[in-house]
Amino acid sequence: MKVYLDNAATTPMAPEALEAMMPYLQNHFGNPSSTHQFGRASKSAIETSRKTIARLLNCSPMEICFTSGGTEADNMAINGAVNELGVKHIISSPTEHHAVLHSVSHCASNDVRISMVNLDARGHVDLDHLKELLASAKEKTLVSLMHANNEVGTLLDLDKVSALCEEYGALFHSDTVQTMGHYPLDLAKTKIHFVVGAAHKFHGPKGVGFLYINRAVHVRPLIRGGSQERNMRAGTENIYGIVGMAKALELACEHFDAHRTHIENLKAHMKSRLQAKIPGVSINGCEERSLYTVLNVRLPESENASMLLFLLDIDGIACSGGSACSSGSNQGSHVLRALQVDNTAPSIRFSFSRYTTIEEIDYAVNRLKVHLIGKSVPA
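To keep things clear, this report deals only with the structure shown in the data block. Computed from a prediction, not measured in an experiment: that's the story for all the values here.

### A closer look at the overall build of the protein
Next up, step 1: Each helix and strand counted, the protein has 12 helices and 12 strands in total.
Next up, step 2: If one aligns the C-alpha atoms of the protein with their principal axes, the spans along those axes are about 65 × 55 × 35 Å.
Next up, step 3: When each of the 379 residues of the protein is scored for burial, the buried share is 56%.
Next up, step 4: Element-wise, carbon and sulfur atoms account for 50% of the exposed surface of the protein, whose accessible area totals about 16600 Å².

Written as structure tokens, this is what we have:
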């Protein structure tokens, strides 16, 4: 049996998204910058996709800039804020994705002051401390905080942070890669200057994403060359990727409630099974205000602890010890270190999608107990 429980790393593509992409992989191959009919057909597909995404986020199509994915979009937002908008102070957190942390660290070498907001043991931002940091800032400030943590799932209240940023005249950038397509986002209501999406996190293709840039701000391109994306991002557009991304986001937004109910039931089922069958299991992050697609658990110590992911992989079960974006690193999870989670016991991230089944959850729990305790779970 093959069980995929690593949807926070990437999701399987929706068949409908692949179907929408096929004409642009086969027949509509024109360069969208060309003025002949082949090029115009491709350009039309891009602009239709842009309008679809803008409609779903309640913003203007002109505020959507297509990128190669979430990492490029994060880099574009942070570097653009520093280089073009006069930001000399960035407030972030130690549990951000490395696309943000490394970009912020790079900015520090350009005489930008960096502040890290306090977090509680479950990963929640201390809003009082954030207010203190904003109130004491003398420079133009960018707040860069993710909507949901990709490892433990802890959620940020975007509206409250947005209100604080507005009160103190700060810019607000949020990496919404994990929540895009999973939570409604109304950008006319919630005032954010930069928002990030990556198609492969909501059942679209890899290698394509977007950056929402609020019309109140303007940044220059991170990638220079041609005049694509209205001079915001040089390079021939990934037409079929953009089309597939728009279709995938449309599907996700149209079925928010049904997908959420299904996945929340899966998460609750796995949590209860783990706690009932494996003594000593605890939850990393927040259990109440948490991304419903992610369950990060700390397991009891075992002689197989260091081999758990390998053993589960042999069983056909895909899960993670942290962010797949840091694969190849032996340093462990920077998120769990920041939250001071006991690293003497193994922690595993399970993440679910609308395609995950109860039978897959039961199989994974069964095999996990075998490796930890040596006894299978009764059906």
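Back to the text.
### Concerning the packing of helix α5 (residues 127-136) against helix α6 (residues 158-167)
Next up, step 1: At a minimum axis separation of 10 Å, α5 and α6 run at an interaxial angle of 20 degrees. The pairing of α5 with α6 is recorded here as roughly parallel in orientation. Relative to α6, the crossing made by α5 is right-handed. Taking contact as the criterion, the partners of Leu127, Leu130, Lys131 and Leu134 in α5 are, on α6, Lys160, Val161, Leu164, Cys165 and Glu167.
Next up, step 2: Here the contact of α5 with α6 is built from residues that sort into 6 nonpolar, no polar and 3 charged.

### Describing the nonpolar core
Next up, step 1: Grouped together as the largest cluster of nonpolar side chains are 47 residues, with contacts concentrated most on Ile53, Leu57, Ile64, Leu130 and Val143.
Next up, step 2: Of all elements in the fold, only α1 (15-26), α2 (37-57), β2 (64-67), α5, α6, β8 (209-213) and α8 (239-254) reach the threshold of two or more residues within this core.
Next up, step 3: Ranked by residue count, the leading element in this core is α8, at 9 residues.
Next up, step 4: Of all hydrophobic cores here, the second largest spans 31 residues; its members include Leu155, Met270, Cys319 and Ile348.

### A short note on the pattern of salt bridges
It is possible for side chains of opposite charge to pair when their charged atoms get near one another.
Next up, step 1: Applying the stated rule across the entire model yields 15 salt bridges.
Next up, step 2: For the salt bridge of Glu229 with Arg50, the shortest nitrogen-to-oxygen distance reads 2.8 Å. Here the residue Glu229 occupies a position in helix α7 (residues 228-231), and Arg50 occupies one in helix α2, the gap between them amounting to 179 residues. With respect to burial, Glu229 and Arg50 carry one shared label: buried.

### Things to note about the packing of helix α3 (residues 70-84) against helix α4 (residues 98-108)
Next up, step 1: Two numbers describe how α3 lies on α4: the axes approach to 9 Å, and their chain directions differ by 25 degrees. Relative to α4, α3 is oriented roughly parallel. Helix-helix and strand crossings are classified by hand; for α3 and α4 the assignment is right-handed. Mapping the contact onto sequence places Thr71, Asp74, Asn75, Ile78, Asn79 and Val82 in α3 and Ala99, Val100, Ser103, Val104, His106 and Cys107 in α4.
Next up, step 2: Of the residues that constitute the contact of α3 with α4, the class distribution is 6 nonpolar, 5 polar and 1 charged.

### Digging into the sheet that holds strand β6 (residues 171-174)
Next up, step 1: An order of β2-β8-β7-β6-β5-β3-β4 is seen for the 7 strands of this open sheet, with the pairing classed as mixed. Looking along the sheet, the strands with just one partner apiece sit at the ends: β2 and β4 (113-116). Strand-to-strand twist across the sheet, computed as the mean angle between neighbouring axes with direction ignored, equals 20 degrees.
Next up, step 2: As defined by bridge partners, strand β7 (residues 194-198) adjoins β8 across 5 bridges and the pair is classed as antiparallel. Looking across to β8, one finds that Phe194 is bridged to Ile213.
Next up, step 3: Against the sheet, α3 touches β2, β3 (89-92), β5 (141-144), β6, β7 and β8, its axis set at about 165 degrees to β7.

### Here's the deal with the side chain of His334
Next up, step 1: Residue position: His334 is located in helix α11 (residues 334-338).
Next up, step 2: Here Glu96 takes part through its backbone oxygen, which lies 2.8 Å from a polar atom of the side chain of His334.
Next up, step 3: Excluding residues within four positions of it along the chain, His334 makes contact with Pro94, Thr95, Glu96, His98, Leu101 and Glu151.

### Quick notes on the pairing of β3
Next up, step 1: Where burial is concerned, the two faces of β3 agree: the one with His89 and Ile91 and the one with Ile90 and Ser92 are both buried.
Next up, step 2: By the bridge criterion, 4 bridges tie β3 to β4 in an arrangement that is parallel. Bridge pairing links His89 to Arg113 in β4.
Next up, step 3: With α4 bridging β3 and its parallel neighbour β4, the resulting β-α-β unit is right-handed.
Next up, step 4: Note that β3 and β5 share 3 bridges and pair parallel. If you follow His89 over to β5, its bridge partner there is Thr141.

### Considering the sheet that holds strand β9 (residues 282-283)
Next up, step 1: One open sheet holds the 3 strands; their spatial order is β9-β10-β12, and the pairing between them is antiparallel. Two strands close off the open sheet at either side, each with one partner strand: β9 and β12 (347-351).
Next up, step 2: With 2 bridges connecting them, β9 and strand β10 (residues 294-298) associate as antiparallel partners. Bridge pairing in β10 links Ile283 to Val297.
Next up, step 3: Together, β9, β10 and β12 form the strand contacts of helix α9 (residues 256-277), whose direction differs from that of β10 by roughly 10 degrees.

### Observations concerning a nonpolar patch on the surface
Next up, step 1: A cluster of nonpolar side chains, contributed by Met13, Leu18, Leu25 and Tyr240, occupies part of the molecular surface with about 330 Å² of accessible area.
Next up, step 2: One can find Tyr240 in helix α8.

### Considerations on the environment of Lys206
Next up, step 1: Mapped onto the fold, Lys206 is located in the loop between β7 and β8.
Next up, step 2: For Lys206, a relative accessible area of 54% corresponds to the exposed category.
Next up, step 3: Through-space distance from the C-alpha of Lys206 to that of Pro12 is 9.9 Å; in sequence the pair is 194 residues apart.
Next up, step 4: Setting aside residues no more than four positions away along its own chain, Lys206 makes contact with Thr10 and His200.
Next up, step 5: For Lys206, the side chain forms a polar contact with the side chain of Thr10, separated by 3.4 Å.

Parameters and conventions
Residues numbered from 1 in each chain as written. Predicted model: local features only at pLDDT ≥ 70, side-chain atom pairs only at ≥ 80, totals over all residues. Heavy atoms only, no water. Helix = DSSP H or I, 4+ residues; strand = E, 2+ residues; numbered from the N terminus. Buried < 20%, exposed > 50% of the residue type's maximum accessible area, 1.4 Å probe, protein only. Areas by Shrake-Rupley, 256 points an atom, 1.4 Å probe, with all protein chains shown as cover. Axes fitted to C-alpha atoms, helices over the stretch in contact; angles between N-to-C directions. Parallel < 35°, antiparallel > 145°, perpendicular 65-115°, else oblique. Left-handed = near helix turned anticlockwise from the far one by under 90°. Contact = heavy atoms within 4.5 Å. Nonpolar A, V, L, I, M, F, W, Y, C, P; charged D, E, K, R; others polar. Core = buried A, V, L, I, M, F, W, Y, C linked by side-chain atoms within 4.5 Å. Salt bridge = Lys/Arg side-chain N within 4 Å of Asp/Glu carboxyl O. Pairing = 2+ DSSP bridges. Polar contact = N/O pair within 3.5 Å; in protein donor to acceptor, adjacent residues only side chain to side chain. Right-handed = clockwise from strand over helix to strand, strands pointing away. Patch = residues over 30% accessible without salt bridge, like charges linked within 9 Å, V, L, I, M, F, W, Y side chains within 5 Å.

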